[in-house]
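Breakdown of the fold
Chain by chain, the residues run as shown.
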Amino acid sequence: MSDQKVRVRFAPSPTGPLHIGGVRTALYNYLFARQAGGDFLLRIEDTDQTRYVEGAEEYILESLKWLGLEPDESIQNPGAVGPYRQSERRGIYQQHVEELIRTGKAYYAFDTAEELEAMRERETAAGHHSPKYDARVRMTMRNSITLSKADTDQLLSSGHPYTVRMRIPTGEVVTFSDEIRGTVQFSTDELDDKVLLKADGLPTYHLANVVDDKLMKITHVIRGEEWLSSTAHHVLLYQSFGWEAEMPVFAHLPLILKPSGKGKLSKRDGAKFGFPVFPLEWKDPKEDEIYGGFREMGFLPEAVLNFLAFMGWNPGTDEEIFNLASLCKAFSMSQINKSGARFDFDKATWYNQQYIIQATAEELHALTVSAWPEKATKEYIQSVIRMFQPRAERLADLYEKSTYLFSAPATYVDKPLKKKYKVQNHEAFAQIATMVGKSDSSTAVELADLVKGYITTQELGFGAILPVLRIFITGGMEGPDLFDMMHLLGASESELRIRNGLQYAHQLKSGE
Ligand code: GLU
């Protein structure tokens, strides 16, 4: 297929929010397509009506949009091979399944749920521990292989419910080559006669997926490892249709594991460990539960992408910061690991910090615009952002940790204040307040020189004054440079805060 234009697809089922593992699949597909100058398609696999979840499709589209992984062809932006939603392609599957029946590669099965259950019990009792509808069992069931043509036609015309099953050959080996795992083999004797068309007339995942990949001219199937075992059936389907020459290249991505490395990361792990496993927040309509999202937790999409890219792939160098454009250049399938990738939330946070540091105050302001006090000016907010940016792990740190730059502290940290504030320095603080109030320093450095000069000439010691001043100004012990903050607050506000703080500290000590 090497002379063909690369076409890949991301094919989620709208059965709930897009898990972070799904996002990684979308990302790798996107990178592979961009790199090869190919197309990235989004196909909605919604043929399982019992698992359909309201809002999931919109969620998928919004997530990809937020991350900047927008497909070249999708339900919103259809290309020539649509529809891109499987539930709208019923006729296509019907036609293909009929072809398989005609050529003897598939058959009608009329077994009821009770008959299937009885088969399982019978098989288990006979010592077959994982009973399946296979070449041997099919001969004991009600289907168009065991029934006469007349009986089959009669059942079909009477409207008896039926499924269509794939007729798996016996004694063969299915071999395919996986870009990540190398040669993979399955014995057909281990495979069951999978249902291709369900009683509701809709196809199963297997049939729809293969037919669509073929008709949508997909050249590479890049998906999660959980689909590896289905690939044997898919390869057989390609053969059954006589499409061997159009078989895509397969690449099965390693699993994303729990932080402990034991087992697959699940949606419950997010709630359990307090980190998001979804790109966006998801309100589950059935469970009445809210699952946190990276976006709502203050992550930048670039950080999420960079973090996800490294879950299962590495560039082979020490470099760790890659935006989407540089990932498109550096990505290569041969650098994808075979073993599972452990979910490390600290690493995600580290990436976010790096992207917050790199962003401009204007960009960060645009992302947080509704979170700031209404009365503050744009210039003021952006100065606050510049001060808090170097220490923010999440976007919310910018506005949650800087509240004292918008209103005077309502409380002070008593314990350190008691320890650091010495009554004999009362007069010195009062003088500093006056000095700061009168100062017309045009920079924070000038203001710092003024105050520090005073401390030095009075031989007070920085340690006795500066931490206390910080508490007066902010109420706490942490934060950006003290003089940067005082300069931003302005002379009279800083003076007022020092005087109020001083009064409070003095009372605190007098009460001892
Ligand atoms: N609909 C499948 C899913 O939800 C697609 C798997 C595949 O890519 O073949 O993941």
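Remember, predicted model here, so these are calculated numbers, not experimental data.

1. Concerning the site of the ligand
In the neighbourhood of the ligand, the contacting residues comprise Arg9, Ala11, Pro12, Ser13, Glu45, Tyr205, Asn209, Arg223 and Trp227. Note that a nitrogen atom of the ligand is positioned 2.8 Å from one of the backbone N or O atoms of Ala11. The side chain of Glu45 places a nitrogen or oxygen atom 2.6 Å from a nitrogen atom of the ligand. Of the residues in the shell around the ligand, the class split is four nonpolar, two polar and three charged.

2. Concerning the pattern of salt bridges
Counted according to the given criterion, the structure contains 33 salt bridges. Asp212 serves as the salt-bridge partner of Arg89, at 2.8 Å between the closest nitrogen and oxygen. In this pair, Arg89 sits in the loop between helix 2 (56-67) and helix 3 (90-102) while Asp212 sits in helix 7 (residues 205-215), placing the two residues 123 residues apart along the sequence. Since its relative accessible area comes to 2%, Arg89 is described here as buried. Look at Asp212 and you get buried, because its relative accessible area is 0%. Ionic pairing is found between Asp397 and Arg394, a salt bridge with its closest N-O pair at 3.1 Å.

3. Things to note about the side chain of Thr368
With respect to the helices, strands and loops of the structure, Thr368 is situated in helix 13 (residues 361-368). Note on Thr368: relative accessible area 5%, which makes it buried. If we skip the residues at most four places from it in the chain, Thr368 touches Leu395 and Tyr399.

4. Observations concerning the layout of surface pockets
Of the pockets and cavities examined, the largest pocket occupies roughly 1,200 Å³. Those elements that place two or more of their residues in the lining of the largest pocket are strand 1 (7-10), helix 1 (20-36), helix 7, strand 8 (220-224) and strand 11 (282-284). Sort the elements by how many residues they give to the lining of the largest pocket and helix 1 lands first, with four residues. Surrounding the second largest pocket, 18 residues form its lining, Asp111, Leu116, Thr163, Arg165 and Val195 being those nearest its centre. Secondary-structure elements contributing two or more residues to the lining of the second largest pocket are helix 4 (113-125) and strand 4 (163-166).

5. Comments concerning the pairing of strand 2 (residues 39-42)
Along strand 2, one buried face is formed by Asp39 and Leu41 and the opposite face, lined by Phe40 and Leu42, is buried too. Sheet topology note: the strand 1/strand 2 ladder contains four bridges and is parallel. Following the sheet pairing, Arg9 is matched in strand 2 by Leu41.

6. Some thoughts on the environment of Gln358
Mapping Gln358 onto the fold places it in helix 12 (residues 345-358). Between the alpha carbons of Gln358 and Gln389 there is a distance of 8.9 Å; along the sequence they are 31 residues apart.

7. Re the environment of Met435
Tracing the chain through its elements places Met435 in helix 17 (residues 426-438). Sequence separation between Met435 and Leu450 is 15 residues; the distance between their C-alpha atoms is 8.3 Å. Among all residues touching Met435, those that are not within four sequence positions of it are Leu450 and Tyr454.

8. A word on the sheet that holds strand 4
The strand order across the open sheet built from three strands is 3-4-7, with neighbouring strands paired in antiparallel fashion. In the strand order of this sheet, the two ends are held by strand 3 (106-109) and strand 7 (195-197), each with one partner. Here the average twist between neighbouring strands, direction ignored, is 45°. Pairing of strand 4 with strand 7, which is carried by two bridges, proceeds in the antiparallel orientation. Paired with Arg165 across the strands is Val195, a residue of strand 7.

9. Regarding the nonpolar core
Formed by 110 residues in total, the largest nonpolar core has its most connected members in Leu405, Leu469 and Phe472. Here the element with the most residues in this core is helix 1; it accounts for nine residues. Residues Phe110, Val184, Leu207 and Ala208 belong to the second largest nonpolar core, which totals 37 residues.

10. What about helix 14 (residues 378-388)?
What helix 14 keeps buried is the set Tyr380, Ile381, Gln382, Val384, Ile385, Met387 and Phe388. On its buried side, helix 14 packs onto helix 13, helix 15 (395-400) and helix 20 (482-489).

11. Side note on the packing of aromatic side chains
Tallied over the entire structure, the rule returns 33 aromatic pairs. Aromatic side chains Tyr30 and Phe40 sit 5.7 Å apart centroid to centroid with 85° between the ring planes, which places their arrangement in the edge-to-face category. One end of the pair, Tyr30, is in helix 1; the other, Phe40, is in strand 2, and ten residues separate them in sequence. The exposure class assigned to Phe40 is buried, which follows from its relative accessible area of 0%. Each ring, one from Phe294 and one from Phe307, has its centre 6.4 Å from the other, and the planes form 45°; the classification is tilted. Linking Phe294 in the loop between strand 12 (289-291) and helix 10 (301-309) with Phe307 in helix 10, this pair joins segments that are 13 residues apart in sequence. For Phe294, a relative accessible area of 0% gives the class buried. For Phe307, a relative accessible area of 3% gives the class buried.

What counts and what doesn't
- Residues numbered from 1 in each chain as written.
- Predicted model: local features only at pLDDT ≥ 70, side-chain atom pairs only at ≥ 80, totals over all residues.
- Heavy atoms only, no water.
- Near = heavy atom within 4 Å.
- Polar contact = N/O pair within 3.5 Å; in protein donor to acceptor, adjacent residues only side chain to side chain.
- Nonpolar A, V, L, I, M, F, W, Y, C, P; charged D, E, K, R; others polar.
- Salt bridge = Lys/Arg side-chain N within 4 Å of Asp/Glu carboxyl O.
- Helix = DSSP H or I, 4+ residues; strand = E, 2+ residues; numbered from the N terminus.
- Buried < 20%, exposed > 50% of the residue type's maximum accessible area, 1.4 Å probe, protein only.
- Contact = heavy atoms within 4.5 Å.
- 1 Å grid on protein atoms, 1.4 Å probe; cavity = no way out; pocket = protein on both sides within 12 Å on 5 of 7 lines; lining within 4 Å.
- Points joined across faces, edges and corners; volume = space filled by probe spheres on them.
- Pairing = 2+ DSSP bridges.
- Axes fitted to C-alpha atoms, helices over the stretch in contact; angles between N-to-C directions.
- Core = buried A, V, L, I, M, F, W, Y, C linked by side-chain atoms within 4.5 Å.
- Phe/Tyr/Trp six-rings, centres within 6.5 Å; stacked < 30°, edge-to-face > 60°.

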